[in-house]
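Next come the chains, spelled out residue by residue.
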Amino acid sequence: MMENEKTLAASKEYAAAKRNTQIGNIIFDIIIFLTLAFVVVATVYPFWNTVAISFNDGLDSLKGDITFFPRKFTWQNYKALFVDNAIFHAGLISVSRTIIQTVLNVFCTSMLAYALSRKEFVIRKPLTAIIVISMYINAGLIPGYMLIKHLHLLNKFAVYIVPCLVDVFNFILVRTYINGLPDSFVESARIDGANEFKIFMRIIMPLIVPSIAMTCLFVAVGAWNSWFDTYLYCSPKVSLHSLQYVLMSYLQASQNQSNSAADANAMAVAASSGSAAAMVTPVTIRSSITVVATLPILIVYPFVQKYFVVGMTIGGVKE
C-alpha cells in the first residue's frame, strides 16, 4: 500500500514537473518569437519606408508621417532621377566594372590561394605572411594615389580592375577551404599527368564552389557600391563615372537645397500652377537614389544566401 502511494506521488510530481517544463518552453518560444519579430521589423521597416517615400509626391512628403504606403503615389521622383541619360551610361560602367572585377578577382585570388596552399611550395609561409600583413598595414591614401598615377591608370577604366585583382580576406577564405580538401585529389591528378593549371581548373575549382560564390558576393557588392575610387581617379572624365558616383552627386546636390519654409512655399506655389518639378524634393530624391542603389544587390543576394553561412564558417577557422 505504501509503495503504491509513493509511486502515485512520484507520478504526480513527474506530471507537474513536465507540465511546468512545457509551460516554460512555451513562454521561452514566445519570447524568442517576439524578439525575432522585433528584429525583422526593425530591419525591414526602414527600407520599406524609404520605398514608400520614393513613390510619394514630393510636396506631400514634407508633411511627414509616411509609414508603409505612399499617400500620393507618383513616378515623378524616378522620372526626375532618370531624366539625364548620363545615369544610364554610369549604370553601364558600374555593371561592366562589377562583372569584370568579380571574374578577375575570383580567378586571381583562387589561383594564388591554390599556389600558396601547396605544401611543396617551400616559401609559401613567408609569402602568406607578407600578404596577410598587407591587410593590417596600409600605406595610406596619398601613396596609393601616387602609385596609381605612376602606373598611368588615372582616368582609365583599368583603374577599376587592376588594384582589385587580389583581395587578402578572400585569399584567406579560399586558401582555408582548399586546405580542407584531401591531398589525394591533387596526387591522383598528377599521377594521371595533369599539370598544375589543369589541376586547378578541373579539380580544385569545382570543389571550392561555396568559397567562390562567397568571394563573388563580397567582390560584387564592393564593386557595385564603390564610388570613392571614381572620385579619386576618374572624376575629371565623365565617361568613366560609375552609377554610385553619379547618384552620390545627385544626393549631394539635393542635400545642398534648402528646406526652409520659403522654399516649401515656393514649391507650394509651383504645385498650384501645375509644375511637375514641385513633386520632387530632396527627401524623395534621396529615397529614390537609395532604392536604385540597393535594388540590384537585393535581387542577387537570395541566390547566394546559402553560401553566405558557408563562407562565414570557413572564415571562422584559421590555421
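What counts, and where the lines are drawn
Residues numbered from 1 in each chain as written. Predicted model: local features only at pLDDT ≥ 70, side-chain atom pairs only at ≥ 80, totals over all residues. Heavy atoms only, no water. Helix = DSSP H or I, 4+ residues; strand = E, 2+ residues; numbered from the N terminus. Buried < 20%, exposed > 50% of the residue type's maximum accessible area, 1.4 Å probe, protein only. Contact = heavy atoms within 4.5 Å. Areas by Shrake-Rupley, 256 points an atom, 1.4 Å probe, with all protein chains shown as cover. Expected span 1.5 Å × (residues − 1). Polar contact = N/O pair within 3.5 Å; in protein donor to acceptor, adjacent residues only side chain to side chain. Phe/Tyr/Trp six-rings, centres within 6.5 Å; stacked < 30°, edge-to-face > 60°. Core = buried A, V, L, I, M, F, W, Y, C linked by side-chain atoms within 4.5 Å. Patch = residues over 30% accessible without salt bridge, like charges linked within 9 Å, V, L, I, M, F, W, Y side chains within 5 Å. Salt bridge = Lys/Arg side-chain N within 4 Å of Asp/Glu carboxyl O. Axes fitted to C-alpha atoms, helices over the stretch in contact; angles between N-to-C directions. Parallel < 35°, antiparallel > 145°, perpendicular 65-115°, else oblique. Nonpolar A, V, L, I, M, F, W, Y, C, P; charged D, E, K, R; others polar. pLDDT = per-residue confidence, 0-100.

Draft legend 1. View of the overall build of the chain. Along the chain, the regular secondary structure elements total 14 helices and zero strands. Counting helices and strands in the order they occur from the N terminus, the chain gives α-α-α-α-α-α-α-α-α-α-α-α-α-α. Across the 319 residues of the chain, 32% fall into the buried class. Considering only contacts within the chain whose residues lie at least 6 apart along the sequence, 73% involve residues at least 24 apart. Total accessible area computed for the chain in this model is approximately 19,400 Å², and 69% of it derives from carbon and sulfur atoms.

Draft legend 2. Spatial organisation of helix α7 (residues 168-179). With 12 residues, α7 ought to run about 16 Å at 1.5 Å a step, and its terminal C-alpha atoms sit 16 Å apart, in line with that. Most of α7 is tucked away: nine of the 12 residues are buried. Among the residues of α7, those classed as buried are Val168, Asn170, Phe171, Ile172, Leu173, Val174, Arg175, Thr176 and Ile178. At the N-terminal end of α7, a side-chain oxygen is found 3.2 Å from the backbone nitrogen of Phe169, two or three residues along, and the residue is Asp167.

Draft legend 3. Here's a closer look at the packing of aromatic side chains. Counted by the stated rule, this structure contains 14 aromatic pairs. Pairing Trp227 with Phe228 gives two aromatic rings, centres 5.7 Å apart and planes at 90°, and the pair type is edge-to-face. For Phe228, a relative accessible area of 40% corresponds to the partly exposed category. Here the aromatic rings of Phe228 and Tyr231 are separated by 5.9 Å at their centres, their planes lie at 25°, and the arrangement is stacked. Of this pair, Phe228 and Tyr231 both sit in helix α11 (residues 228-234), three residues apart, roughly one helical turn. A residue is classified by how much of its surface remains accessible, and Tyr231, at 44% relative accessible area, is partly exposed. Here the aromatic residues Phe55, Phe73, Trp75 and Tyr78 are joined through ring pairs into a cluster of three or more.

Draft legend 4. How the structure looks around the nonpolar core. Ranked by internal contacts, the top residues of the largest apolar core, which has 22 residues, are Tyr114, Phe171, Val174, Ile178, Ile199, Ile204 and Ile208. Mapped onto this core, the elements with two or more residues apiece are α4 (86-115), α7, α8 (183-191), α9 (196-207) and α10 (209-225). At six residues, the largest contribution of residues to this core is made by α7. Leave out the neighbours within four places in its chain, and Ile204 touches Tyr114, Ile178, Leu181, Val186 and Ile199.

Draft legend 5. Representation of the environment of Arg71 within the structure. Looking at the secondary structure, you find Arg71 in the loop between α2 (58-61) and α3 (76-81). Taking the C-alpha atoms as reference points, Arg71 and Asn56, separated by 15 residues in sequence, lie 6.3 Å from one another. Setting aside chain neighbours within four positions, we find Arg71 in contact with Asn56, Asp60, Lys63, Gly64, Asp65 and Ile66.

Draft legend 6. Spotlight on a nonpolar patch on the surface. Taken together, Leu141, Ile142, Tyr145, Met146, Trp227, Phe228 and Tyr231 make up a surface patch of nonpolar side chains, about 690 Å² in accessible area. Listing elements by their share of the nonpolar patch, those giving two or more residues are α6 (141-150) and α11. Assessed through its relative accessible area of 35%, Met146 is described here as partly exposed.

Draft legend 7. Spatial organisation of the side chain of Arg97. Turning to its location among the elements, Arg97 is positioned in helix α4. Discounting chain neighbours no more than four positions away, the residues touching Arg97 are Thr102, Phe157, Tyr160, Ile161, Ala223, Ser226, Asp229 and Thr230.

Draft legend 8. The side chain of Ser226, seen in detail. Within the secondary structure, Ser226 is located in the loop between α10 and α11. Overall, the relative accessible area of 17% leaves Ser226 in the buried class. Among all residues touching Ser226, those that are not within four sequence positions of it are Arg97, Ser242 and Gln244.

Draft legend 9. Representation of the pattern of salt bridges within the structure. Summed over all chains, the structure comprises four salt bridges. Between Arg190 and Glu120 there is a salt bridge; the shortest N-O distance is 2.4 Å. Here Arg190 is found in helix α8, whereas its partner Glu120 is found in the loop between α4 and α5 (124-136), with 70 residues between them in sequence. Given a relative accessible area of 32%, Arg190 falls into the partly exposed group. Of the charged contacts, one joins Glu196 and Arg190 as a salt bridge, the two residues approaching to 2.9 Å between their closest N and O atoms. Because the salt bridges share partners, they merge into one network encompassing Glu120, Arg190 and Glu196.

Draft legend 10. Representation of the packing of α5 against α7 within the structure. As a packed pair, α5 and α7 sit with axes 9 Å apart at the nearest point and diverge in direction by 140°. Classed by the angle they form, the pair α5 and α7 counts as oblique. Two secondary-structure elements touch here, α5 through Arg124, Thr128, Ile131, Val132, Ser134 and Met135 and α7 through Val168, Phe169, Phe171, Ile172 and Arg175. Grouping the amino acids of the contact of α5 with α7 by side-chain chemistry returns seven nonpolar, two polar and two charged.

Draft legend 11. Just the confidence of the model for the chain, in detail. Looking at the chain, the pLDDT average stands at 79 and 80% of residues meet or exceed 70. The model gives residues 264-278 a pLDDT under 50, and that stretch makes 14 contacts with residues more than four places away or in other chains. Low confidence marks residues 315-319, where pLDDT is under 50. Its contacts with residues over four positions away, or in another chain, come to four contacts.

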